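Tertiary structure, described
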Amino acid sequence: MTGDCIFCKIIRGEIPSVKIYEDENVVAFLDIYPINPGHTLVVPKRHVEYLHELKDDEAAALINAVKKLAPRIVEAMGADGYNVVTNNGRAAGQVIFHVHFHIVPRFEDDKCRF
Ligand code: 5GP
Ligand code: ZN
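Residues numbered from 1 in each chain as written. Chains lettered and ligands numbered in written order. Predicted model: local features only at pLDDT ≥ 70, side-chain atom pairs only at ≥ 80, totals over all residues.

With that settled, the discussion passes to the overall build of the protein. Counting its secondary structure elements, the protein contains two helices and five strands. Starting at the N terminus, the α and β elements of the protein follow one another as α-β-β-β-α-β-β. Structurally, the protein occupies a C-alpha span of about 40 × 30 × 30 Å along its principal axes. For the protein, buried positions account for 25% of its 114 residues. Partitioning the contacts of the protein with sequence separation of at least 6, the portion at a separation of at least 24 is 56%. (Helix = DSSP H or I, 4+ residues; strand = E, 2+ residues; numbered from the N terminus. Buried ≥ 20, exposed ≤ 12 C-beta atoms within 10 Å, placed from the backbone. Contact = placed C-beta atoms within 7 Å.)

A separate point is the site of ligand 1. Taken together, the neighbourhood of ligand 1 is formed by 14 residues, with Ile32, Tyr33, Asn87, Val95 and Ile96 sitting nearest. Of the residues belonging to the shell around ligand 1, the class tally is nine nonpolar, four polar and one charged. (Near = placed C-beta within 6 Å. Nonpolar A, V, L, I, M, F, W, Y, C, P; charged D, E, K, R; others polar.)

The sheet built from five strands is open, its strands ordered 1-2-3-5-4 with antiparallel pairing. With one partner strand each, in any of the chains shown, strand 1 (19–22) and strand 4 (81–85) form the two edges of the open sheet. When the angles between neighbouring strand axes are averaged without regard to direction, this sheet yields 20 degrees. Here strand 2 (residues 26–30) pairs with strand 3 (residues 40–44) via five bridges, running antiparallel. Residue pairing in the sheet places alanine 28 in a bridge with valine 42 of strand 3. Strands in contact with helix 2 (residues 56–77) are strand 1, strand 2, strand 3, strand 4 and strand 5 (101–106); relative to strand 5, the strand with the most contacts, it is inclined by about 20 degrees. (Pairing = 2+ DSSP bridges. Axes fitted to C-alpha atoms, helices over the stretch in contact; angles between N-to-C directions.)

As annotated in UniProt, the feature "active site" (unreviewed entry) corresponds to His100 in the numbering used here. Among the secondary structure elements, histidine 100 is positioned in the loop between strand 4 and strand 5. On the neighbour-count criterion, histidine 100 (23 C-beta atoms within 10 Å) is buried. If near-sequence neighbours (up to four positions away) are discounted, histidine 100 is found in contact with Phe7, Leu41, Val42, Val43 and Thr86. (UniProt positions renumbered as here; feature names shortened; annotations may be inferred.)

This part covers the confidence of the model for the protein. Averaged over all residues, the pLDDT of the protein equals 96, while 99% of them reach at least 70. For this predicted complex, the interface confidence reaches an ipTM of 0.99, while the overall pTM sits at 0.97. (pLDDT = per-residue confidence, 0-100.)

Below, the discussion takes up helix 2. Given a rise of 1.5 Å per residue, 22 residues ought to cover 32 Å, and the 31 Å separating the end C-alpha atoms of helix 2 matches this to within 8%. A maximum bend of about 25 degrees is found in helix 2 at leucine 69, where proline proline 71 lies one to four positions downstream. Along helix 2, the residues classified as buried are Leu62, Ala65, Leu69, Ala70 and Ile73. Those residues of helix 2 hidden inside the fold are in contact with strand 1, strand 2, strand 3, strand 4 and strand 5. (Expected span 1.5 Å × (residues − 1). Bend = angle between axes of the 7 residues up to and from the residue.)

Here it is, written out as structure tokens:
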């Protein structure tokens, strides 16, 4: 539900977040429990639970934002690489049911498991 959704509240500015990017379709903000420094979430502004429910143009906007942001985050964090992950469904580890991509900066030998 859009009304109760934490990410919709972040998008509307009702819950504080550290936003690092916004355009007409997409918002990106830092994960509140980062698994590595610079861990970022990229979300569509329209409330959609799962990746496969996005319209093609919405999916394109989302992945284009990920593509644009990932190297900038890597450079800003002095990282060596990055993971891009989207969890869909409780069994897959999804906790917030507003589709999102995780961008996780990776550092040589950081032992991070995602
Ligand atoms: P999921 O497991 O659904 O793929 O990931 C949800 C992510 O949202 C988690 O990494 C979690 O730390 C993050 N998260 C949960 N609540 C909040 C919040 O209120 N603010 C921010 N910035 N991130 C959140
Ligand atoms: Zn939502």
